[in-house]
Amino acid sequence: MSSLLVDSIAHFSDLHPKPSNVKFSYGTAGFRTVANVLDSVLFRVGIIAALRSKRLDGKTIGVMVTASHNPEADNGVKLVDPRGEMLESSWEAYATTLSNAPTTVDFIKCVQDLVASQKIDLSRPARVVYARDTRPSGPALVSALEDGLKAMNAEGRNEGVKTTPILHYFVRCINTRGSKEDYGEDSEEGYYKKLSKAYKTLVAGKQPSDPLIVDCANGVGFFAAKAMNEHLGSTLQLVLHNTAINASGALNNACGADYVKTSQKLPPSLISVLQPGQRACSYDGDADRIIYYYLDERSQFHMLDGDKIAALVANFIVELVKGAGLEGQLEVGVVQTAYANGSSTKYLSDRLPVQCVKTGVKNLHHAAERYSIGVYFEANGHGTVLFSPSACDTLAEHHPTTPAQSTCLTHLVNLAELINQTVGDALSDMLLVEVVLAHKGYSGVEWDSIYSDLPNRLVKVVVKDRNLFQTEDAERRLTSPLNLQQKLDHLVKKYDGGRSFVRPSGTEDVVRVYAEARLRPQADELAFKVAGLVYNEAGGDPAKRPREFL
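Here we summarise the structure given alongside this text. (Residues numbered from 1 in each chain as written. Predicted model: local features only at pLDDT ≥ 70, side-chain atom pairs only at ≥ 80, totals over all residues. Heavy atoms only, no water.)

1. Some remarks on the overall build of the chain
Now for step 1: Check the secondary structure of the chain and you find 18 helices and 19 strands.
Now for step 2: For a compact globule of 550 residues, the expected C-alpha radius of gyration is about 24 Å, and the chain comes in at 23 Å, within 12% of that figure.
Now for step 3: Each of the three principal axes of the chain carries a C-alpha extent, and together these read 65 × 60 × 45 Å.
Now for step 4: Classification of the 550 residues of the chain by burial places 59% in the buried group.
Now for step 5: Taking contacts inside the chain between residues at least 6 apart in sequence as the whole, the part at least 24 apart equals 70%.
Now for step 6: On the chain, roughly 21,800 Å² of surface is accessible, and the fraction owed to carbon and sulfur atoms is 50%.
Now for step 7: When the 59 positive and 64 negative side-chain charges of the chain are each reduced to one mean point, those points stand 3 Å apart. (Helix = DSSP H or I, 4+ residues; strand = E, 2+ residues; numbered from the N terminus. Rg over C-alpha atoms; globule rule 2.2 N^0.38 Å. Buried < 20%, exposed > 50% of the residue type's maximum accessible area, 1.4 Å probe, protein only. Contact = heavy atoms within 4.5 Å. Areas by Shrake-Rupley, 256 points an atom, 1.4 Å probe, with all protein chains shown as cover. Lys, Arg positive; Asp, Glu negative; His and termini not counted. Charge placed at Lys NZ, Arg CZ, Asp CG, Glu CD.)

Here is the structure:
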């Protein structure tokens, strides 16, 4: 067995010292914070990725440098496991430990401990594919990552500027190449061809869709949408807006999926663009989330978020499974989080199994894997559909007895090709939605009418230490601070249809408050009263208390 390249690691580690006053944590979206403190983290992630690859006998590991929907000044990094899924949970703890080692000597000791505890054969090859979004801080952070790969003598493949979902797709394609589960060609062109071919097959013979307005969040999604537009040809025209990828400070600024979801209104740049009856969608900064919306005949804004996407898609898949004669052989289920609107949960629960899990993509993904076909979407627009290996076998082996069954079966097979099953993907999910709308003949109005959302409000409360807030029951109830949940319960009872919960963010020192009620003023009032309780409990400065907190 080879030994650890201690001298090489020490040399490069000294070039990337850890800042003494910062504590890093590998959260639900990897490491994420202001970009100017991340240099040491990126170097160490290079080491971790190489070790993870060696631990898995040279399988290719992915590294994505992005802060997704966060402001442009932030950045982050996450690791991607061989099937394109999130990093295994136990390794999140190792990543946190290694990132916080105060000195080079301490860091090397942590690496040696990890090698020993995981019985890593250092003679195995290390292969890593990596990419970044459009943030100005990206190139320097990628350079630090590359020093980590050099220190381990790892084989690196730089994919440059890419969307997060495309990087996940690459990882799965590389690791399944030539196998029964071959996922496709590991190139950007291969990605566009695979998705556009499936889309064209699925909408063949359907009424052509009207052009779709796409808000690219001034991020990397613009490159992907522009390329996809060319592959789609006349089957779907994407009208791209917020494409200023080189404009300083433009990324996610008053645009993008997170802006639309949290503010519940149009991006200002689309106010003069979107016409009544037209549908539009917004990606986020790295194109792994999507939110749809439209204006009604009175020019009122209506949002179609991840809950609405899940309902639309799950219904369609259930119909196809029944139509193919596979009811009873394939179980379709939906996975949500506490953020799912109460109306969506009721609508779906009346039709198919629904499970609620803790916030975080990996939690939804793992739960969705338990179904033959698992649909998961967070209300924020991040989600996908998973076809289990056994479901794929069933689709391949099933013999339809009528032309109608054959058509439904073919649609299911093509949906499995259209959907990026590794992670939420704004482009793939967009095409999925467009397929269902084309088959149903739905406009935004008809889609929206499948159920009526309860009015809701999401509020962020800035706190000194988010770790004071601990939860249970899939984050729907607080266990700490003591007695705060009792106060919330008492408050919620005063509102018709009231529901509220509080949870710490996984990526920043804020606590998120969600509230819903039968009427809009009640939902807003409940949210701001809960926010006021949280602010007080966290020891917030009365002089800096936001005016809207009641």
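2. Notes on the packing of aromatic side chains
Now for step 1: Counting across every chain of the model gives 15 aromatic pairs.
Now for step 2: Ring centres of Tyr26 and Phe31 lie 5.1 Å apart, and the angle between their planes is 80°; this geometry places the pair in the edge-to-face category. Considered together, Tyr26 and Phe31 belong to a single accessibility category, that of buried residues.
Now for step 3: Centre to centre, the rings of Tyr191 and Tyr192 are 5.4 Å apart; their planes meet at 75°, and the pair counts as edge-to-face. The pair Tyr191 / Tyr192 is uniform in exposure class, with both members buried.
Now for step 4: One aromatic cluster is present, built from ring pairs that chain together Tyr169, Phe170, Tyr183, Tyr191 and Tyr192. (Phe/Tyr/Trp six-rings, centres within 6.5 Å; stacked < 30°, edge-to-face > 60°.)

3. Some points on the nonpolar core
Now for step 1: Counting 76 residues, the largest nonpolar core has Tyr283, Ile317, Leu415 and Met430 as the members making the most contacts within it.
Now for step 2: With near-sequence residues (within four places) excluded, Met430 lies in contact with Leu212, Val214, Leu238, Cys281, Tyr283, Ile290 and Tyr292.
Now for step 3: By size, the runner-up hydrophobic cluster in this structure holds 48 residues, among which are Phe12, Val22, Val41 and Met152. (Core = buried A, V, L, I, M, F, W, Y, C linked by side-chain atoms within 4.5 Å.)

4. Description of helix α17 (residues 484-492)
Now for step 1: Where α17 is concerned, the buried positions are Leu484, Gln485, Leu488, Leu491 and Val492. In an axial view of α17, the angular spread of the buried residues amounts to 120°, which keeps them on one side of the axis. Opposite the buried face of α17, at more than 90 degrees from it, the exposed residues are Gln486 and His490.
Now for step 2: On its buried face, α17 sits against β17 (477-480), β18 (499-504) and α18 (520-537). (Arc of directions from axis to C-beta.)

5. Regarding the pattern of salt bridges
Where side chains of opposite charge bring their charged atoms close, a pairing between them can arise.
Now for step 1: Taken as a whole and assessed by the stated rule, the structure comprises 32 salt bridges.
Now for step 2: Between Arg298 and Asp296 there is a salt bridge; the shortest N-O distance is 3.7 Å.
Now for step 3: For Arg298, a relative accessible area of 60% puts it in the exposed group.
Now for step 4: For Lys487, the salt bridge goes to Glu537, with nearest N and O atoms at 3.7 Å. On the criterion of sequence distance, the pair formed by Lys487 in helix α17 and Glu537 in helix α18 is long-range, its members being 50 residues apart.
Now for step 5: On the basis of relative accessible area, Glu537 is assigned to the partly exposed category, the value being 31%. (Salt bridge = Lys/Arg side-chain N within 4 Å of Asp/Glu carboxyl O.)

6. Some remarks on the sheet that holds strand β11 (residues 332-336)
Now for step 1: Here four strands make up an open sheet; going across it, the order is β12-β11-β13-β14 and the pairing mixed. The open sheet has two free edges, formed respectively by β12 (354-356) and β14 (383-387), since each of these has just one partner strand. Ignoring strand direction, the axes of neighbouring strands in this sheet form an average angle of 20°.
Now for step 2: Note that β11 and strand β13 (residues 373-377) share four bridges and pair parallel. (Pairing = 2+ DSSP bridges. Axes fitted to C-alpha atoms, helices over the stretch in contact; angles between N-to-C directions.)

7. Considering the state of the cysteines
Now for step 1: For the coordinates displayed, the defined rule picks out zero disulfides.
Now for step 2: Cys392 supplies the cysteine sulfur nearest to Cys173, a cysteine that is in no disulfide, at a spacing of 14 Å.
Now for step 3: Classification of Cys173 by relative accessible area gives buried; the value is 0%. (Disulfide = S-S within 2.5 Å.)

8. Considering helix α3 (residues 89-99)
Now for step 1: Among the residues of α3, those classed as buried are Trp91, Glu92, Ala95, Thr96, Leu98 and Ser99. One side of α3 carries all its buried residues, which in axial view fall inside an arc of 165°.
Now for step 2: Structurally, α3 contributes buried residues whose contacts are with β1 (31-34), α2 (39-55), α4 (104-117) and α12 (361-368).

9. As for the packing of helix α10 (residues 306-323) against helix α14 (residues 403-418)
Now for step 1: It is at 8 Å that the axes of α10 and α14 come closest, and there the two elements cross at 135°. As judged from the angle between their axes, α10 and α14 are oblique. For the pair α10 and α14, the crossing hand works out as left-handed. When α10 is examined against α14, the residues Phe316, Ile317, Leu320, Val321 and Gly323 are found in contact with a partner set consisting of Ala404, Gln405, Cys408, His411, Leu412 and Leu415.
Now for step 2: When the residues that make up the contact of α10 with α14 are grouped by side-chain class, the tally is eight nonpolar, three polar and no charged. (Parallel < 35°, antiparallel > 145°, perpendicular 65-115°, else oblique. Left-handed = near helix turned anticlockwise from the far one by under 90°. Nonpolar A, V, L, I, M, F, W, Y, C, P; charged D, E, K, R; others polar.)

Shape is all these values report; function is a separate question.
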